[in-house]
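Structural overview for review
Below are the chains, spelled out letter by letter.
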Amino acid sequence: MPMDVDLGLENTYIKHTKLTYIDGELGVLRYRGYDINDVVNNLSFMETAYLMLYGRIPDSKELKLFSSYIGDGKLPERIFSMIDTFPEGDPLSMASSVFAALAIDNNMKWSIDENKRNAGRIIGLSFNVFANIYLHIKGKKLYNIDLGDPVSGFLRVTNNMDPKNVKAFEAAMILYMDHEIPASTTAALVTASTLSDMLSSLSSAMNALKGPLHGGAAENAFLEFLDIGSPENVKPWFNEHIIKNRERLIGFGHRVYKTYDPRIKKFRELSMSLCDEKNRIILDTALELERVALDYFREKKIYPNTDFFSGLLFNELGFEHWFFTSLFALSRVTGILAHIIEYNENEQRLIRPRAIYNGDGERFIKR
Ligand SMILES: CC(=O)SCCNC(=O)CCNC(=O)[C@H](O)C(C)(C)COP(=O)(O)OP(=O)(O)OC[C@H]1O[C@@H](n2cnc3c(N)ncnc32)[C@H](O)[C@@H]1OP(=O)(O)O
Ligand SMILES: O=C([O-])CC(=O)C(=O)O
């Protein structure tokens with residue numbers, strides 16, 4: 001009999017992985033052994049996605065084949081009709097519903113020969129899913145985007161084709177691509193461990209990713225900056241909300257990092273370089289909040305997480321705050337697929353933990 005539960009599974013390891021290495025004390029993140037900053041400065045989104053799935057940087061022939069898998073990710077007409085019926089609301093719930101609906105008639109069985117091809121197709125589908133959720137919310141006509149270069153095809157939907165915006169967006173898609181097994185990837189793993197299919201596993205992940213303690217923080221941290229309004233308001237706001245009312249500071253704290261998250265360097269650099277006059281006050285407010293919060297939290301080893309900075313960049317790229325978490329999710333699809341494939345190809349076992357019963361002893365129904 002175990003002595004106690006491992007709340008939050010903080011000290012429980014459920015798989016081995018060759019995908020992502022994190023040292024939370026030193027602030028190191030590597031994809032397949034390459035430092036995250038090396039990856040983001042040297043590889044494209046497609047090369048990084050290939051690296052995660054196949055374990056090596058592709059040559060041009062391999063990349064072409066992988067592109068053709070991604071190009072297969074076209075949405076059928078019935079999905080457009082379905083998206084058009086969605087009421088205004090949470091895009092991640094829409095995404096979860098669309099992935100579940102795509103699973104209704106998919107024939108993607110788990111198979112070592114087909115898993116990576118299917119993953120490529122699902123990555124393509126994901127670009128279409130999120131692009132069309134965006135178009136639907138904006139009241140525009142739905143269509144299959146050009147998946148020749150999915151990052152550019154996606155940005156075309158938002159008319160945001162300035163080359164420096166494309167580069168910055170691609171960097172964000174790489175930085176968020178994988179992070180070992182956070183709650184969303186774990187949700188997908190639990191579903192995949194029952195041998196349920198990849199699309200259904202992705203649907204599970206979306207519902208976990210949207211929560212405010214996880215991906216939902218990308219939007220909420222930005223709303224926090226807007227609520228504060230200006231750098232001069234940071235101290236009184238922090239004293240009232242965080243110190244006096246003991247609220248959680250959104251965009252701070254991480255289960256694994258007890259120092260700076262290594263992805264922040266690039267997010268900060270990009271959001272500073274793309275910031276225009278209109279957004280200057282938001283950036284300055286965020287930087288002042290970071291300074292004040294670090295002063296207060298450093299002893300407890302609570303540092304900013306990526307969601308503190310990603311919203312600044314997404315806003316500068318012209319996305320509305322309600323779509324920030326979707327952009328995180330779109331990027332994370334590759335990592336989630338890579339993890340469920342790695343698990344089911346190497347260590348597949350039904351994930352079914354136990355709970356320690358602490359309710360009533362035996363009772364009898366008297367009628
Ligand atoms: C991409 C991502 O998903 S990154 C995470 C995004 N989420 C957020 O930004 C939401 C705000 N952050 C948090 O709520 C937390 O830091 C989490 C959920 C991310 C991680 O939390 P856990 O590892 O479970 O740590 P836990 O919640 O046990 O906190 C440990 C201590 O730090 C404190 N703490 C942690 N994060 C914060 C925070 N953001 N603000 C204030 N206090 C915090 C807790 O109050 C607790 O203090 P105590 O020991 O005095 O009670
Ligand atoms: O790893 C986590 O717990 C949260 C996450 O997804 C990330 O930081 O990218």
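Since the model is a prediction, treat every value here as computed from it, not as a measurement. (Residues numbered from 1 in each chain as written. Chains lettered and ligands numbered in written order. Predicted model: local features only at pLDDT ≥ 70, side-chain atom pairs only at ≥ 80, totals over all residues. Heavy atoms only, no water.)

Observations regarding the pattern of salt bridges
Taken as a whole and judged by the stated rule, the model has 14 salt bridges. One salt bridge in this structure joins D105 and R78, with 2.8 Å as the shortest N-O distance. Pair noted here: D105 is in the loop between α5 (91-104) and α6 (115-137) and R78 is in helix α4 (residues 77-85), with a separation of 27 residues, a long-range link. Taking relative accessible area as the criterion, D105 reaches 52% and is therefore assigned exposed. For R78, a relative accessible area of 36% gives the class partly exposed. For D162, the salt bridge is made with K164, and the minimal N-O distance between the two is 3.4 Å. Owing to a relative accessible area of 35%, D162 belongs among the partly exposed residues under this scheme. (Salt bridge = Lys/Arg side-chain N within 4 Å of Asp/Glu carboxyl O. Helix = DSSP H or I, 4+ residues; strand = E, 2+ residues; numbered from the N terminus. Buried < 20%, exposed > 50% of the residue type's maximum accessible area, 1.4 Å probe, protein only.)

Thoughts on the environment of K265
For K265, the position within the fold is in helix α13 (residues 264-274). Accessibility expressed as a relative area gives 54% for K265, which makes it exposed. With 44 residues separating them along the chain, K265 and F309 place their C-alpha atoms 9.5 Å apart.

Some remarks on the packing of aromatic side chains
Using the criterion set out here, one finds 28 aromatic pairs in the structure. With 5.8 Å between their ring centres and 70° between their planes, W322 and F323 make a pair best called edge-to-face. Judged by its relative accessible area of 24%, W322 is partly exposed. Following the ring pairs from residue to residue traces out a cluster consisting of F45, F127, Y134, F154, F169, F319, W322 and F323. Geometry around Y54 places K116 over its ring, the cationic atom sitting 5.7 Å from the centre. (Phe/Tyr/Trp six-rings, centres within 6.5 Å; stacked < 30°, edge-to-face > 60°. Lys NZ or Arg CZ within 6 Å of the ring centre and 35° of its normal.)

Considerations on the site of ligand 1
In the neighbourhood of ligand 1, 19 residues make up the surrounding shell, with H214, L249, G251, F252 and R255 lying closest. In this structure, a nitrogen atom belonging to ligand 1 sits 2.8 Å away from a main-chain N or O atom of F252. Between an oxygen atom of ligand 1 and a side-chain N or O atom of K300, the distance comes to 2.9 Å. When isolated, ligand 1 has an accessible area of 910 Å², and the protein chains bury 69% of it. Among the residues making up the shell around ligand 1, the classes are represented as nine nonpolar, six polar and four charged. (Near = heavy atom within 4 Å. Polar contact = N/O pair within 3.5 Å; in protein donor to acceptor, adjacent residues only side chain to side chain. Areas by Shrake-Rupley, 256 points an atom, 1.4 Å probe, with all protein chains shown as cover. Nonpolar A, V, L, I, M, F, W, Y, C, P; charged D, E, K, R; others polar.)

Thoughts on helix α2 (residues 45-54)
Within α2, eight of the 10 residues are buried, which leaves it mostly tucked inside the rest of the structure. Taken residue by residue, α2 has F45, M46, T48, A49, Y50, L51, M52 and L53 as its buried positions. In the stretch just after α2, G55 is the one whose phi turns positive, near 90°.

A closer look at the UniProt feature "active site" (unreviewed entry) in the protein chain
On the UniProt side, "active site" (unreviewed entry) is annotated at positions that read H254 and D307 here. Taking the farthest pair of C-alpha atoms as the criterion, the annotated set spanning 54 residues converges on one region, since that pair is 10.4 Å apart. Among the structural elements, H254 can be located in the loop between α12 (234-244) and α13. Within the local environment of H254, its side chain forms a polar contact with the backbone nitrogen of V256, the two atoms lying 2.9 Å apart. Here D307 is to be found in helix α15 (residues 306-316). Given the relative accessible area of 6%, D307 is considered buried. Not counting the four nearest positions on each side in its chain, D307 is found in contact with Y176, H214, G215, A217, A218, A221 and F328. (UniProt positions renumbered as here; feature names shortened; annotations may be inferred. Contact = heavy atoms within 4.5 Å.)

Some thoughts on the packing of α5 against helix α10 (residues 198-209)
Viewed as axis vectors pointing N to C, α5 and α10 meet at an angle of 170°, and their least axial separation amounts to 8 Å. With respect to α10, the element α5 is oriented roughly antiparallel. Facing α5, whose interface residues are L92, A95, S96, F99, A100, L102 and A103, α10 presents L199, S200, L202, S203, M206, N207 and L209. When grouped by side-chain class, the residues that make up the contact of α5 with α10 number 10 nonpolar, four polar and no charged. (Axes fitted to C-alpha atoms, helices over the stretch in contact; angles between N-to-C directions. Parallel < 35°, antiparallel > 145°, perpendicular 65-115°, else oblique.)

Some thoughts on a nonpolar patch on the surface
A contiguous nonpolar patch, built from V5, L7 and I356 and spanning about 280 Å² of accessible area, is present on the exposed surface. You can call L7 exposed: its relative accessible area is 70%. (Patch = residues over 30% accessible without salt bridge, like charges linked within 9 Å, V, L, I, M, F, W, Y side chains within 5 Å.)

Comments concerning the sheet that holds strand β3 (residues 34-35)
Reading across from one edge, β1-β2-β3 is the order of the three strands in this open sheet, with antiparallel pairing throughout. If you trace the sheet from one side to the other, it starts and ends with β1 (20-23) and β3, each paired once. Looking at chain direction, strand β2 (residues 28-31) and β3 are connected through two bridges and run antiparallel. Note on β3: the bridge partner recorded for R30 is D35. (Pairing = 2+ DSSP bridges.)

Examining the domain arrangement of the protein chain
Partitioning the protein chain into structural domains gives domain 1 (20-210 + 326-346) and domain 2 (217-316). Taken residue by residue, the interface counts 23 residues in domain 1 and 19 residues in domain 2. Interface area, domain 1 with domain 2, both sides summed: about 1700 Å², of which 67% is carbon and sulfur. At the junction of domain 1 and domain 2, the tally comes to one salt bridge. A salt bridge links K301 to E25; the nearest nitrogen and oxygen atoms lie 3.7 Å apart. (Domains from an automatic or database assignment. Buried area = accessible area lost by both parts, 1.4 Å probe.)

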